[in-house]
Every structure is written in C-alpha cells, then in structure tokens.
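# Structural description and commentary
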Amino acid sequence: MSTPAITIRTPRTQHVPRFALDSGDVLTDVVQAYHLDGTINAARDSVVLVVHALTGSADAAGDWWRDLIGPGLSIDTARYAVLCTNLLGSCYGTTGPSDENAGTFPRITPRDMARLIALLVADLGISSLALVTGGSLGGMVAMEYALIDPSRARSLVALAAPAAHTAWAIAWNAIQRRALALGGDDGLALARMVGMMTYRTETEFSARFGRETRGDEYAAASYLAHQGDKLVSRFSSESYRVLSEAMDAHDIGRGRGGMAAALRALRASVNGPVVGVGIPGDNLYGPEEIRRWTLGAGAPYRELHSSLGHDAFLLESGQVGRIIADTLRDVDGLASAEARLREIAS
C-alpha cells in the first residue's frame, strides 16, 4: 500500500513586535507560524502542545505525526486541540535566518523557543495544557516550556531528549556544521548524511541494506545520498546551523542552580505525569541519558523498543501513541479526581 501524499497546509501566524533573547539580542517584528487542529473547549484547557525536532515543521497533524493526531487517534482531535508551532530559527514560516545573509542571525536557545511558544499560548487564551510533548530538539523545548511557564502543563512526555546536550551530541553537531561550511547544496546534503548516521542504527542498516548494490553504488550509500538530497529540497542551511547551535546550548540547569535543582523544579512545574522516553540503540542520546534525568526528576522512564534508533520517536507510531495515550488517560483521571474533591468540598 502506498503512503498517502502529504498535503501542504498554510499555517496561521502570530506577530510579536519585540522579542528579547537569552543572548541579550533583541528580535523585532517576529513571526511565529503554527497549526491548531481541533477545537479548544470552553474552559480553554483541552490543548496538547506538540513540538517538532530539528528539521520538522508546525504541521505535526498533517505530516510527521499524522498517524498519532486526528479523530480517534492517540491524540484524539475530537477530544483535544493540538497546537504545534514552527520553532524560532526554522524555515517553515517562523522568523529565522536567511541563506543569503549567512552568519547574521543571533544565537538562540531552546529556552528562547519555549518562551516564544508561551507568548502564543497566552495570546490564544489557553488556561492549561493537557500535555506538552516532543522528541529530540522538540523534547528539549518541551522541558524548557514546563519550566518557563510553571503549572500551565498538566503532563509532559519528552522523547529521546536529554536534560542537557552531551559532549557526544555536541561533537556530532560540530562535524555537521563543518560540512555546512563547505557551502551550497553539497554542504547541507553532507551534513544530513552525517546526521542520519546518528539517527539510525547499524542493526537497521545491516538488515535493510547488507551489501546490496544499486547500479554501481552500495545501497547504504545510495540511501544516505537520497536523504541528503531530500533535505536540500526542503530546508535551509542557515536554519540547520542555527538550530544545531541551539541544541548545543540546551541545559535546563543553566541559571537555575544546576541540574539537580532544575529537575526538582521540572517535577514541581508540571501538575501531572512527567515521562521520559528512551530508545535502546539510540546513537545520539542513549537511554542512560534519559534515565539519568527521569531519576533526578522522580519521573517514570519508558522505552521504545526498535532497531530504528533515535528516529524511533518519529517512526514507531504504535509505541509512541500508547505512551501518549496512557499519559492523557492519567491526566483525565487526575482531572476527574480533582472535580470530585471540589464537589465534596462544596
């Protein structure tokens, strides 16, 4: 069966006259692109905030998580409204760098991204968020969101995301930015090829490609070249550079008294479940990184069992969907219990 074609949807936009960054720089006339699927209820508390990864877009429901979001799916749009923004610095509608003005966009952080999203949540009159979730960079921003907008999130699921970017991940990003420095399409394609080697696993490559050839090229090499060319056709070198630098800056303990204090604050900031999801075989953020922060936050740890590595948070929709659906059921259960207590008290 062929995969249905993705329909490109035009996002809505929010305009922010002035936005101060962690760096001290100030952006003016900021545009934030977003999609809102489903209808927000009268209490304004039925929203799920979904945050995309490095090269994702605001269209989670129509694109990269379309198997999870919709009527009757894990995030049921008959019950919840789903808000997904294009992250600051990206190239799908939100203010970001230009390839024509390389190197001029200020440094940004996942905390900046979370603060910009918080402005939109406030503008939409959302009283609380049933769930804040995302994978990889999206998980980092989700954690920051819970900390910069305390008590708004009723649950958090961060998939394949550390509490601070590791030396290993910083090194891989440095290699990719060196590839970008070569310039042009070849530089971006090479950066993506390098990135793919951290997103997937040796086990998958062996099972999928072996020593197969396609023409005069090995299938594994052909696959990587194809992934590089696909990214060139849809993404910006400068956004790739800026977002990878933002990932390197990720550290929830910065300015919060260190990691232990930040993890305690994270647990206190979220009204309901906090879940960290690791992936055995993830070559970028191993499961031990996720276990470490969940332990510090007193949060449950869940795993995706897959040979696909880091990208499992995008590709293992059944497992991801069950974790998210379980979390939302827990949130609904807490809400029902609180409502019963209010009735008793009255």
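In what follows, the structure referred to is the one given above.
The text that follows walks through the structure, step by step, so that each part is easy to find.

About the criteria used
Counting starts from 1 at the beginning of each chain's written sequence and moves along it residue by residue. Under the rules for a predicted model, residues below a pLDDT of 70 receive no local features and side-chain atom pairs below 80 are neither given nor counted, while totals for whole chains, interfaces and linings still include all residues. In computing side-chain properties, one takes all heavy atoms of the structure into account and sets aside hydrogens as well as water. Here a salt bridge means any side-chain nitrogen of Lys or Arg lying within 4 Å of a carboxyl oxygen belonging to Asp or Glu. Helix and strand assignments come from DSSP, with helices taken as H or I runs of at least 4 residues and strands as E runs of at least 2, each series counted from the N terminus. Relative accessibility decides the category of a residue: with a 1.4 Å probe and only protein chains considered, values under 20% of the type maximum give buried, values over 50% give exposed, and everything between is partly exposed. Pairing of aromatic side chains requires ring centres within 6.5 Å, counting the rings of Phe and Tyr and the six-membered ring of Trp. Pairs whose planes differ by under 30 degrees are stacked, by over 60 edge-to-face, and all others tilted. What the arc measures is the spread of directions leading from the helix axis to the C-beta atoms. Orientation is described by lines fitted to C-alpha atoms, with helices fitted over the stretch in contact, and by angles between N-to-C directions that extend from 0 to 180 degrees. We call two directions roughly parallel when the angle between them is under 35 degrees, roughly antiparallel when it is over 145, roughly perpendicular when it lies between 65 and 115, and oblique otherwise. Note on convention: near helix rotated counterclockwise from far helix by under a right angle means a left-handed crossing. Clockwise means right-handed. The criterion used for residue contact is that any of the two residues' heavy atoms lie within 4.5 Å. All residues other than Ala, Val, Leu, Ile, Met, Phe, Trp, Tyr, Cys, Pro, Asp, Glu, Lys and Arg, Gly among them, are scored as polar; the first ten of these are nonpolar and the last four charged. Two strands pair under a simple rule: DSSP has to find at least two bridges between them. Here the expected span of a helix is defined as 1.5 Å times the quantity of residues minus one. The definition of a polar contact used here is a pair of N or O atoms within 3.5 Å, where within protein one atom must be able to donate a hydrogen and the other to accept one, and adjacent residues in sequence count solely through side-chain atom pairs.

### Section: the pattern of salt bridges
- On inspection of all chains with the given rule, the structure shows 22 salt bridges.
- Salt-bridge contacts for D112 lead to R115; the nearest nitrogen and oxygen are separated by 2.6 Å. Here the residue D112 and the residue R115 both occupy positions in helix α1 (residues 110–123), the gap between them amounting to three residues, near one helical turn.
- Assessed through its relative accessible area of 25%, R115 is described here as partly exposed.
- Within this structure, D22, D112, R115 and R254 form a network of salt bridges that share partners.

### Side note on the packing of aromatic side chains
- In this structure the tally under the stated criterion is seven aromatic pairs.
- Ring geometry for W168 against W172: centres 5.8 Å apart, planes inclined by 85°, an arrangement best described as edge-to-face. Of this pair, W168 and W172 both sit in helix α3 (residues 167–181), four residues apart, roughly one helical turn.
- Judged by centre distance (5.2 Å) and plane angle (70°), the ring pair of F205 and F209 falls under edge-to-face.
- You can call F209 buried: its relative accessible area is 4%.
- Among the aromatic residues, ring-to-ring pairing joins Y92, F235 and Y240 into one connected group.

### Quick notes on helix α8 (residues 259–269)
- Among all positions in α8, only A262, L263, L266 and S269 are buried. All buried residues of α8 project into a common sector of 125° when viewed along the axis, lining one side. Across α8 from its buried face, at more than 90 degrees, point the exposed residues R264 and A268.

### Points about the environment of G255
- Positionally, G255 belongs in the loop between α7 (237–248) and α8.
- Measuring from C-alpha to C-alpha, the distance between G255 and R66 comes to 36 Å, with 189 residues separating the pair along the chain.

### Details of the packing of α8 against helix α9 (residues 287–297)
- Between α8 and α9, the least distance of the axes is 8 Å, while the angle of their chain directions is 70°. On the basis of their axis angle, the class for α8 and α9 is roughly perpendicular. The chirality of how α8 crosses α9 is right-handed. For the pair α8 and α9, the contacting residues are L263, L266 and R267 in the first and W293, G296 and A297 in the second.
- Class assignment of the residues belonging to the contact of α8 with α9 gives a composition of four nonpolar, one polar and one charged.

### As for the side chain of S269
- Of note, S269 is situated in helix α8.
- Apart from the residues within four sequence positions on either side, S269 is in contact with A146, L147, P150, S151 and A153.

### So, the pairing of strand β6 (residues 81–85)
- Across the five residues of β6, five count as buried, placing the element largely inside the fold.
- Neither face of β6 is open: one carries A81, L83 and T85, the other V82 and C84, and all of them are buried.
- Pairing analysis gives four bridges linking strand β2 (residues 26–37) to β6, with the strands arranged antiparallel. Looking at β6, one finds that H35 is bridged to C84.
- Sheet topology places strand β3 (residues 47–51) next to β6; five bridges connect them, and they run parallel.

### Let's talk about α7
- For α7, with twelve residues, the first-to-last C-alpha span of 17 Å sits near the 16 Å given by 1.5 Å per residue.
- Turning to α7, its buried residues number three or more, namely S237, E238, S239, Y240, R241, V242, L243, S244, E245, A246, M247 and D248.
- Of the surrounding elements, those touching the buried residues of α7 are α1, α2 (137–148), α3, α4 (184–199) and α6 (219–232).
- Between the side-chain oxygen at the start of α7 and the backbone nitrogen of E238 there is a gap of 3.2 Å, and the oxygen is on S236.

### Quick word on the sheet that holds β6
- Within the open sheet, the eight strands sit side by side as β1-β2-β6-β3-β7-β8-β11-β12. Their pairing is mixed. Every interior strand has two partners, whereas the edge strands, β1 (12–20) and β12 (301–303), have only one. The sheet shows a mean angle of 25° between the axes of neighbouring strands, taken without regard to direction.
- Across the sheet, α1 touches β1, β2, β3 and β6, and the angle it forms with β1 is around 120°.
- Lying on the sheet, α2 is in contact with β3, β7 (129–135) and β8 (156–159); it crosses β7 at an angle near 145°.

### Considering unusual backbone geometry
- The phi torsion at S136 lies on the positive side, around 60°, for a residue other than glycine.
- Along the chain, the position of S136 falls in the loop between β7 and α2.
- Despite not being glycine, A160 has its phi angle at roughly 50°, a positive value.
- Turning to its location among the elements, A160 is positioned in the loop between β8 and α3.
- Judged by its relative accessible area of 1%, A160 is buried.

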